[in-house]
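# Fold and geometry: a report
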Amino acid sequence: QVQLVESGGGLVQAGGSLRVSCAASGRSFSGYAVGWFRQAPGKERDFVACIRWSGGGTYYAASVKGRFTISRDNAKNTLYLQMNSLKPEDTAVYYCAAVWAVGRANIQSLQYDYWGQGTQVTVSS
């Protein structure tokens, strides 16, 4: 059973930084792609960033490229999203997600199967 548990959200001023984490458990994630999505109030859930657990390229939404960095720690089975130069429009619930990705391209466009419960990030102006 895949379990994803986010943490690290909070309130930060515009221009500040925050790192959210996602503890993954239940199986080996070596064949999976893992990513971050976010949902602002009244809006649909949007892709933010993703990476293959076994390594390889990272992918970012245009709105966060150059400000956010996705990474994972294999030893800790944890996914991270470092968010810098935060803007009020980054305010959202941030979710981590996972999908089986062996033999599949365009991991940023896949339908992710496993989701965490989300962590709130609020950026004040």
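So, here's what we can say about the structure. Small disclaimer: the values here were computed from a predicted structure and weren't measured.

### Quick look at the sheet that holds strand S8 (residues 78–83)
Spatial strand order, S1-S3-S8-S7: four strands in an open sheet with antiparallel pairing. With partners counted over all chains shown, the strands left at the sheet margins are strand S1 (3–7) and strand S7 (68–73), one partner each. Shown here is a sheet whose adjacent strand axes are inclined to one another by a mean of 15 degrees, direction ignored. Looking at chain direction, S7 and S8 are connected through six bridges and run antiparallel. Bridge pairing in S8 links aspartate 73 to threonine 78.

### Topic: the packing of aromatic side chains
All chains considered together, the criterion is met by eight aromatic pairs. On the basis of an interplanar angle of 45 degrees and a centroid distance of 5.8 Å, the ring pair of phenylalanine 29 and tryptophan 53 is categorised as tilted. Taken as a pair, phenylalanine 29 in the loop between strand S3 (18–25) and strand S4 (32–39) and tryptophan 53 in the loop between strand S5 (45–52) and strand S6 (58–60) lie far apart in primary sequence, 24 residues in all. Residues phenylalanine 29 and tryptophan 53 agree in their burial class; the two are buried. An angle of 80 degrees between the planes, with centres 5.3 Å apart, marks the rings of tyrosine 32 and tryptophan 100 as edge-to-face. Residue tyrosine 32 is found in strand S4, and its partner tryptophan 100 is found in strand S9 (residues 92–100); the two are separated by 68 residues along the sequence. Here tyrosine 32 falls in the buried class, since its relative accessible area comes to 5%.

Rules of the game
Residues numbered from 1 in each chain as written. Predicted model: local features only at pLDDT ≥ 70, side-chain atom pairs only at ≥ 80, totals over all residues. Heavy atoms only, no water. Pairing = 2+ DSSP bridges. Helix = DSSP H or I, 4+ residues; strand = E, 2+ residues; numbered from the N terminus. Axes fitted to C-alpha atoms, helices over the stretch in contact; angles between N-to-C directions. Phe/Tyr/Trp six-rings, centres within 6.5 Å; stacked < 30°, edge-to-face > 60°. Buried < 20%, exposed > 50% of the residue type's maximum accessible area, 1.4 Å probe, protein only.

So yeah, pure geometry; function would need other evidence.
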